[in-house]
Amino acid sequence: IPAVVFLLFVLIGFGGYHVYFTPTSFISIDINPSFELGVNRFDRIVSIQGYNKDGDRLADSLNVRFLNYTQALKQILENDDVEAYLSRDELLSIAVISSDETRNEQMLSHIEACTSEHENTHCSSADSKEVEGAHESGLSCGKYKAYLELKALDPDITVEDIQGMTMREIWDLIDSLSPNASSKVRDGAHTEDNHDKKEDRHNGRHSNGHD
């Protein structure tokens, strides 16, 4: 009996460890640094993965593991490097990825609230297929989404072409090819009413900021 009880505690402990440290959602953050936060079912950050050299460096400097994702995002927005990028009119792209549509909407709403006072931020959601394609290409999900939009306008564009580009450069190129496609993102304008937000969220796009 003691051996069975011991084994039961081990299994419970291992199961609890697995549940806590398994990401169920991801938050892709891209400016020029590109990295992704893994979020567990308890809304805590359990992993952070860089997707370029600047992303690796920034990921190593952040102390956000085990924070609630909104607390982590606040700390990231207050990071000196991130603030320096935004002060140069760079674009911060944040993409939420979850297989649970309700959770995806909830996380996106919270993240939009966190970024509402910051100019030049673009919030969106993505699906698991986009994540698979992004990681196979060696890109974060947020940058991959922008790459797909750009490739739809310019079929000759390659992953290698955009790997070293900032999100501002990518979106400016998208705008140059399709001027009406994303002017709100380009200008950092926050002009949607509630209906527009719902429409954009349904289409996986949202932008924050002020003229």
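See the structure printed just above.
Below is a summary of the structure that appears in this document. (Residues numbered from 1 in each chain as written. Predicted model: local features only at pLDDT ≥ 70, side-chain atom pairs only at ≥ 80, totals over all residues. Heavy atoms only, no water.)

Points about the pairing of strand β5 (residues 121–126)
Then step 1. With six of six residues buried, β5 is to be regarded as a mostly interior element.
Then step 2. Neither face of β5 is open: one carries T121, C123 and S125, the other H122, S124 and A126, and all of them are buried.
Then step 3. Remark: the strand β4 (residues 92–98)/helix α5 (residues 101–115)/β5 crossover connection has right-handed handedness. (Buried < 20%, exposed > 50% of the residue type's maximum accessible area, 1.4 Å probe, protein only. Helix = DSSP H or I, 4+ residues; strand = E, 2+ residues; numbered from the N terminus. Right-handed = clockwise from strand over helix to strand, strands pointing away.)

Overview of the nonpolar core
Then step 1. I27, I29, L37 and I111 are the most contacted members of the largest nonpolar core, which totals 25 residues.
Then step 2. Among the elements that line this core, the one with the most residues is helix α3 (residues 69–77), at five residues.
Then step 3. What L37 contacts, discounting residues up to four positions off in sequence, is S25, F26, I27, I29, I45, S47, I48, V64 and I76.
Then step 4. Counting residues in hydrophobic clusters, the runner-up holds 19 residues, among them V131, L150, M165 and M167. (Core = buried A, V, L, I, M, F, W, Y, C linked by side-chain atoms within 4.5 Å. Contact = heavy atoms within 4.5 Å.)

Concerning the side chain of T166
Then step 1. The topology assignment puts T166 in the loop between α8 (159–162) and α9 (167–177).
Then step 2. Residue class for T166 comes out buried when judged on its relative accessible area of 10%.
Then step 3. Residues contacting T166, with those up to four places away along its chain left out, are I31, N32 and E90.

Thoughts on the pattern of salt bridges
Then step 1. One pass over the full model with this rule turns up four salt bridges.
Then step 2. Taking the shortest distance from any N to any O, the salt bridge between D89 and R168 comes out at 3.5 Å. Of this pair, D89 sits in the loop between α4 (80–87) and β4 while R168 sits in helix α9, and the two are 79 residues apart along the sequence.
Then step 3. Of the residues examined, R168 reaches a relative accessible area of 7% and is grouped as buried.
Then step 4. With a closest N to O distance of 4.0 Å, K145 and E130 form a salt bridge. Of this pair, K145 sits in helix α7 (residues 141–153) while E130 sits in helix α6 (residues 128–136), and the two are 15 residues apart along the sequence. (Salt bridge = Lys/Arg side-chain N within 4 Å of Asp/Glu carboxyl O.)

Some remarks on unusual backbone geometry
Then step 1. Even without glycine at this site, D43 takes up a positive phi of about 70°.
Then step 2. Structurally, D43 can be placed in the loop between β2 (34–39) and β3 (45–50).
Then step 3. Residues other than glycine seldom take positive phi values, yet D89 does so here, at roughly 70°.

Overview of α4
Then step 1. Within α4 the residues assigned to the buried category are V82, Y85 and L86. The arc enclosing the buried residues of α4, seen along the axis, measures out at 95°, which places them on a common side. Turned more than 90 degrees away from the buried face of α4 sit D80 and S87, all of them exposed.
Then step 2. Those residues of α4 that are buried lie in contact with α2 (53–61), α3 and β4.
Then step 3. Here α4 starts with a cap whose side-chain oxygen sits 2.8 Å from the backbone nitrogen of D81, and that cap is N79.
Then step 4. Positive backbone phi, at 70°, marks D89, one or two positions downstream of α4. (Arc of directions from axis to C-beta. Polar contact = N/O pair within 3.5 Å; in protein donor to acceptor, adjacent residues only side chain to side chain.)

What to know about the pairing of β4
Then step 1. A large share of β4 lies buried, amounting to seven of its seven residues.
Then step 2. Burial along β4 is two-sided: the face carrying L92, I94, V96 and S98 and the face carrying S93, A95 and I97 are both buried.
Then step 3. In terms of strand pairing, strand β1 (residues 25–30) meets β4 through six bridges, oriented antiparallel. Residue pairing across strands places I27 opposite V96, the latter belonging to β4.
Then step 4. Examined bridge by bridge, β4 and β5 share six bridges and lie parallel to one another. Residue I97 lies in a different strand from β5, and its bridge partner there is A126. (Pairing = 2+ DSSP bridges.)

Focus: the packing of aromatic side chains
The description of an aromatic ring pair rests on the distance of the ring centres and on the angle between the ring planes.
Then step 1. Under the defined criterion, the tally for this structure stands at five aromatic pairs.
Then step 2. Ring centres 5.1 Å apart and planes at 70° place the aromatic pair Y20 and F21 in the edge-to-face group.
Then step 3. With centroids separated by 6.0 Å and ring planes inclined at 85°, the aromatic side chains of F21 and F66 adopt a geometry described as edge-to-face. Of the two residues, F21 is situated in helix α1 (residues 2–21) and F66 in the loop between α2 and α3; the sequence distance between them amounts to 45 residues.
Then step 4. We classify F21 as partly exposed; its relative accessible area is 30%.
Then step 5. Under the relative-accessibility criterion, F66 is labelled partly exposed at 37%.
Then step 6. Members of the aromatic cluster, joined through ring pairs, are Y20, F21, F42 and F66.
Then step 7. The ring of Y85 carries the charged tip of R88 above its face, separated from the ring centre by 4.9 Å. (Phe/Tyr/Trp six-rings, centres within 6.5 Å; stacked < 30°, edge-to-face > 60°. Lys NZ or Arg CZ within 6 Å of the ring centre and 35° of its normal.)

The values are spatial; any link to function lies outside them.
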